[in-house]
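# Chain and residue survey
Read off the chains here:
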Amino acid sequence: MSDEREVLDVLTTNARESTADIAAQTGLDEAAVEEAIASLERRGVVHGYQAVVDWDRVEEERVRAIVELNVELDRETGYEEMADRIAKFPAVEALHLVSGDYDFAAEVAGASMQDVSGFVSEQVAPIPEITQTVTHYVMETYKDGGVRFGDRDEDDRLSVSP
C-alpha cells in the first residue's frame with residue numbers, strides 16, 4: 001500500500017488526527033505524512049475536511065432528501081454540463097451520476113419539507129433537460145460519511161410473548 005493511501009485511510013476515519021498521530025499509525029515519519037497530505041490536497045484528491053454531524057441531535061430542524069433525477073440530453077448538453085448546473089445550488093449537498101432507473105441522485109437539505117419540495121419544484125424541475133424528479137425524504141440516519149451513529153433510543157415497541 002502506498003504512503004498516500006495509508007494517510008488517506010487514516011484521514012477518512014478521522015481527519016482531525018495530527019500528523020504525529022498519523023505517522024504513528026502508519027509507520028511513516030511526520031515529514032512524509034505532511035508531504036503526502038500536501039500532495040493529496042495539491043492534486044485535488046482531498047477536497048476538504050468536514051465534520052460528520054448527526055443532525056437528529058441538533059435542535060434546529062433540518063430536512064434531508066434524496067432526489068432522483070431523470071434527464072433527456074441533446075447533442076449540445078452532456079451529463080457533465082447537467083451536473084454543473086445542478087451542483088451549483090447550495091441546497092444540493094451531494095450529486096451522483098448513477099446507473100439504474102434514473103440518471104442522477106441528489107442529496108438535498110433544507111429547513112423544512114416545504115423548503116426542500118419548493119427547491120425541487122421551483123429550481124430543479126424547471127430545468128428543461130430534467131424530465132422527472134422523485135423525492136425521498138430521509139426519516140432517520142444510521143450512518144453517514146462512514147460514521148455509524150449509535151446511542152439511538154431503544155426500541156420502544158412492546159414485546160409480545162405467547
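A short tour of the structure in this document, coming up. From a predicted model like this one, the values you see are computed outputs, not experimental measurements.

What counts and how
Residues numbered from 1 in each chain as written. Predicted model: local features only at pLDDT ≥ 70, side-chain atom pairs only at ≥ 80, totals over all residues. Heavy atoms only, no water. Helix = DSSP H or I, 4+ residues; strand = E, 2+ residues; numbered from the N terminus. Polar contact = N/O pair within 3.5 Å; in protein donor to acceptor, adjacent residues only side chain to side chain. Contact = heavy atoms within 4.5 Å. Pairing = 2+ DSSP bridges. Axes fitted to C-alpha atoms, helices over the stretch in contact; angles between N-to-C directions. Expected span 1.5 Å × (residues − 1). Buried < 20%, exposed > 50% of the residue type's maximum accessible area, 1.4 Å probe, protein only. Arc of directions from axis to C-beta.

### With respect to the side chain of N70
Residue position: N70 is located in strand β1 (residues 63-71). A distance of 3.5 Å separates a polar atom in the side chain of N70 from the backbone nitrogen of D103. Excluding its chain neighbours within four sequence positions, the residues that come into contact with N70 are D101, Y102, D103, E129, I130, T131 and Q132.

### Some remarks on the sheet that holds strand β4 (residues 130-137)
Read from one edge to the other, the open sheet built from four strands follows the order β2-β3-β1-β4, with strand pairing classed as antiparallel. Each edge of the sheet is formed by a strand with only one pairing partner; in this case those strands are β2 (92-97) and β4. The mean angle between the axes of side-by-side strands here comes to 20°, regardless of whether they run parallel or antiparallel. Both β2 and strand β3 (residues 104-110) contribute to a ladder of five bridges, which runs antiparallel. Bridge pairing in β3 places V92 opposite V108. The sheet contacts of helix α5 (residues 113-124) involve β1, β2, β3 and β4, and relative to β4 the element is tilted by about 170°.

### Describing helix α3 (residues 30-42)
Between the first and last C-alpha of α3 there are 18 Å, a value that for 13 residues agrees with the 18 Å anticipated at 1.5 Å per step. Where α3 is concerned, the buried positions are V33, A36, I37, S39 and L40. One face of α3 carries all of its buried residues, which in axial projection span an arc of 165°. Residues of α3 that are exposed and angled more than 90 degrees away from the buried face: A31 and R42. Here the buried face of α3 lies against α1 (3-13) and α2 (19-26). Structurally, the start of α3 carries an N-cap: the backbone nitrogen of A31 is 3.2 Å from a side-chain oxygen of D29. Looking one or two residues beyond α3, the residue adopting positive phi is G44, at roughly 80°.

### Considerations on helix α4 (residues 79-87)
Every buried residue of α4 is accounted for by M82, A83 and I86. Taken down its axis, α4 places every buried residue within 100° of arc, on the same side. Exposed residues pointing more than 90 degrees away from the buried face of α4 are listed as E80 and D84. Summarising the contacts, the buried residues of α4 are in contact with β1, β2, β3 and β4.

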